[in-house]
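# Residue-level structure breakdown
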Amino acid sequence: MQATRSTCPYCGVGCGVVIESRGAQITGVRGDPDHPANFGRLCTKGQTLHLTAAAHLQPQLRALQPMRRAARDQPLLPVAWDVALDEVAQRFAQIAEESGPDALGLYLSGQLLTEDYYVFNKLAKGLLGTNNVDTNSRLCMSSAVAGYKQSLGADAPPNCYEDLDHAATVFITGSNMAWAHPVLFRRLEDARRANPAQRWIVADPRRTETAALADLHLQLLPGTDVVLYHALLHVMLWEGLTDPAFIAAHTTGFEALRDRVREFSPAVAAKTCGLKAEDIVQAARWIAGVQADGPRAPTLSLWCQGLNQSSSGTDKNSALINLHLATGQIGRPGAGPFSLTGQPNAMGGREVGGLANLLSAHRDLANPAHREEVAAFWGVQVVPAVRGKSAVQMFEAAAEGEIRALWIACTNPAQSLPNQAVVRRALQRAEFVVLQEAYTTTATAGYADLLLPASTWGEKEGTVTNSERRISRVRAAVPAPGQARADWAIAADVAQRLEKLRPPARWPGWQGETLFPYRSAEDVWNEHRESTRGRDLDITGLSYAQLEAAPQQWPLREGETTGAARLYADGVFPTPDGRARFVAPAWRNVAEPRDARYPVALNTGRLRDQWHGASRTGTLGRLFAHSPEPVLELHPQELARRRWLPGKLVRVASRRGALVLPVAPSEAVAPAQAFIAMHWGGEWLSGGGVNTLTSDSVCPTSHQPELKHAAVRLEPA
Ligand code: SF4
């Protein structure tokens, strides 16, 4: 038996695992006791990785060889790798020639490894000449990114997991952490056991498993988060709980914010949010942490998609960060605004610039100096200046015929993007759809003209970055089955072909034969880490050899031996004047409020034992024991009022589509609201699952869609 240390491929906690294997078979998995993210713990999804890996070796599930469709009404048939790669290069070169490179779109995934992301990003922006490269991280963290950059100056969660142990108050807002980040939640439970005085406030429209364990549950109405945060600051100002010295020394913009929150009294906010005024006052006092007999008690905020997946996601993030800046609750143990990453490598993807508005090493596409730095580093004359299309825009453009070819890797947009009618129109209208995938069973595979088989967890090498900026190695325990290959290698092979068809204008003095000379994931890593020199996430001191010894947090500069556990301890922020910025957003309601025709607020989210579209977790019976089938969750009062019994089939309709599914009573869901889990699609629920209903309204700053709210109506089916 062989043991290989690696990282769980599911959520952003980034737990270390030890993969047990015999020959080409993964036989077991256990938590890595030495990994600082989990110290040996795993949740149900992590514990069953070896079983889902075995299930995926079944040929009917797994993409084992390149497959090509001669016409849309024909089946996918095997084709040689060389033929497939040549076709991608030729079709992409031809379309770029005819319609310009912005007629191409690359749609990637927060589950790709950093090395995969790096090559794809360089291929699009450095070689093809388009910034149309975006990822499903746009659906996940882009509002947190925009909020951090707007308020603190950089896309950098300032905390570490150890802060859970030090916090006196934990403010969990817009996250069902007990299900979505289970191992980290266990750590939080341990922290409260060790310190029974630790207080939890949970703000969530649902009474989730997390909310049920809180000292104070603020069950606010969907979309009213900014009102709540402004009201909390209003109370802090009224009661003298802010930190004027910190505000004066380390921030700008407080006066405008103070004027903004004046109207958000607890009484006014209580009415808008559907809360009790005294609960808002209590929460403000706990979060401020002022103590009569000692220093301010530390408060840690934890949040995820409840804030991010919103048409005002960036405002919500900044309004929450305001509370930490106003009270100096940042940069010290147990204090700070700590965004939880949804996917395993959404963070690593951003580090290499893998979004339509970013460039390598947290550089900004809109900054001409950054474009020039990256062009010189890559050895090309220019990086195009026009912002690329973000996820929703990319599929809208394909539906309109503006984008003619799509290359999709490691994600399933025909289930996961909102407003599926448009997404499916896009996939039908695009002239050439390349899908790079480990599985043949995703809804998107039905639209692929070319299916390129990719290796997956347990079979590939690279790195990922978790929520606390910690980079861990992902290692191959077994060879990839069939002809499956690493994602970065497929992208590099296409790139080398494209270089011959459309030779790029080279940076003066650039000597190499190819811009993509990689023979291993480590070669890609070494280029990426050099690109970070002098940047906020400088990892020039971090080699694969060092990562073999232990996962590390960034930054870790050349000559350093450990990374930074916590940022901004010195009160200096990565803004031009070194000060954090208060932002004073006005409150905007959800994009599609309830009305007489669509009177119910639909919320979406995760289940405990499933992951995304369930292409991996959905292969294992035991992971259905917790939630066996798709249901529409409604409050028992709603069922009683409508005289519906549990299990009754109900038609749920939004302005974009309709689904039929059984109804289930749930005390977690407030009256006039409903909940459907995001995982069901394909064989479990017709069409694109819940995203048949969801809205593609996006936050104007982050471009993250409002997956957490749609107005729907319910009728007997
Ligand atoms: Fe994997 Fe997340 Fe569970 Fe850890 S908490 S085992 S990273 S799914």
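Residues numbered from 1 in each chain as written. Predicted model: local features only at pLDDT ≥ 70, side-chain atom pairs only at ≥ 80, totals over all residues.

### Concerning the overall build of the chain
A tally of helices and strands in the chain yields 25 helices and 28 strands. The C-alpha atoms of the chain give 24 Å as radius of gyration, which agrees with the globular expectation for 717 residues (27 Å, within 12%). Considered along the principal axes of its C-alpha atoms, the chain spans approximately 70 × 65 × 55 Å. Split into buried and exposed, the 717 residues of the chain put 61% on the buried side. Sequence-distant contacts in the chain: of pairs separated by 6 or more residues, those separated by 24 or more amount to 74%. (Helix = DSSP H or I, 4+ residues; strand = E, 2+ residues; numbered from the N terminus. Rg over C-alpha atoms; globule rule 2.2 N^0.38 Å. Buried ≥ 20, exposed ≤ 12 C-beta atoms within 10 Å, placed from the backbone. Contact = placed C-beta atoms within 7 Å.)

### Quick look at the environment of Tyr229
For Tyr229, the location among the structural elements is in helix α10 (residues 225-238). With 30 C-beta atoms counted inside 10 Å, the residue Tyr229 sits in the buried group. Placed 35 residues apart in sequence, Tyr229 and Phe264 show a C-alpha to C-alpha distance of 9.2 Å. What Tyr229 contacts, discounting residues up to four positions off in sequence, is Ala319, Leu320, Asn322 and Leu323.

### Thoughts on the site of the ligand
Around the ligand, 14 residues are found, and the nearest of them are Cys8, Tyr10, Cys15, Cys43 and Gly46. The set of elements that each furnish at least two residues to the shell around the ligand consists of α1 (44-47) and α8 (182-194). Taken together, the residues that form the shell around the ligand break down as 9 nonpolar, 4 polar and 1 charged. Mapping the shell around the ligand onto the domain boundaries places at least three of its residues in each of domain 1 (2-55) and domain 3 (142-340). (Near = placed C-beta within 6 Å. Nonpolar A, V, L, I, M, F, W, Y, C, P; charged D, E, K, R; others polar. Domains from an automatic or database assignment.)

### Some points on the domain arrangement of the chain
Looking at the assigned domains, one finds that the chain contains domain 1 (2-55), domain 2 (67-139 + 389-521), domain 3 (142-340) and domain 4 (600-716). In this structure, domain 2 and domain 4 have C-alpha centres spaced 30 Å apart. Facing the 19 residues of domain 2 at the interface are 20 residues of domain 4. Secondary-structure elements contributing two or more residues to the side of domain 2 that touches domain 4 are α20 (413-416) and α21 (420-429). Here the element with the most residues in the side of domain 2 that touches domain 4 is α21; it accounts for 4 residues.

### Here's the deal with helix α23 (residues 521-531)
For α23, the set of buried residues is Ala521, Val524, Trp525, Glu527, His528, Arg529 and Ser531. For α23, the secondary structure elements touched by its buried residues are α4 (114-128), α18 (368-378), β19 (462-465), α22 (487-501) and α24 (544-549).

### What about the sheet that holds strand β2 (residues 16-22)?
Reading across the sheet, the 3 strands line up as β1-β2-β3 and stay open at both edges, with antiparallel pairing between neighbours. Pairing within the sheet leaves two strands with one partner each, and these edge strands are β1 (2-7) and β3 (25-31). The mean angle between the axes of side-by-side strands here comes to 30 degrees, regardless of whether they run parallel or antiparallel. Of the pairings in the sheet, the one linking β1 to β2 comprises 6 bridges and is antiparallel in character. Looking across to β2, one finds that Ser6 is bridged to Val17. (Pairing = 2+ DSSP bridges. Axes fitted to C-alpha atoms, helices over the stretch in contact; angles between N-to-C directions.)

### Some words on α18
When we look at burial in α18, the residues that qualify are His370, Val374, Phe377 and Trp378. Along the long axis of α18, the arc covered by the buried residues comes to 90 degrees, so they all point the same way. With respect to the buried face of α18, the exposed residues turned more than 90 degrees away are Pro368 and Ala369. In this structure, the buried side of α18 is in contact with α4, β14 (358-359), β15 (363-364) and α23. Count one or two residues on from α18 and you reach Gly379, which has phi positive near 90 degrees. (Arc of directions from axis to C-beta.)

### Looking at unusual backbone geometry
In the segment running from Trp554 into Pro555, the intervening peptide bond is cis, with an omega of 0 degrees. Position of Pro555 among the secondary structure elements: in the loop between β21 (552-553) and β22 (580-581). Positive phi outside glycine occurs at Ala361, with the angle close to 55 degrees. Examined against the element boundaries, Ala361 turns out to sit in the loop between β14 and β15.

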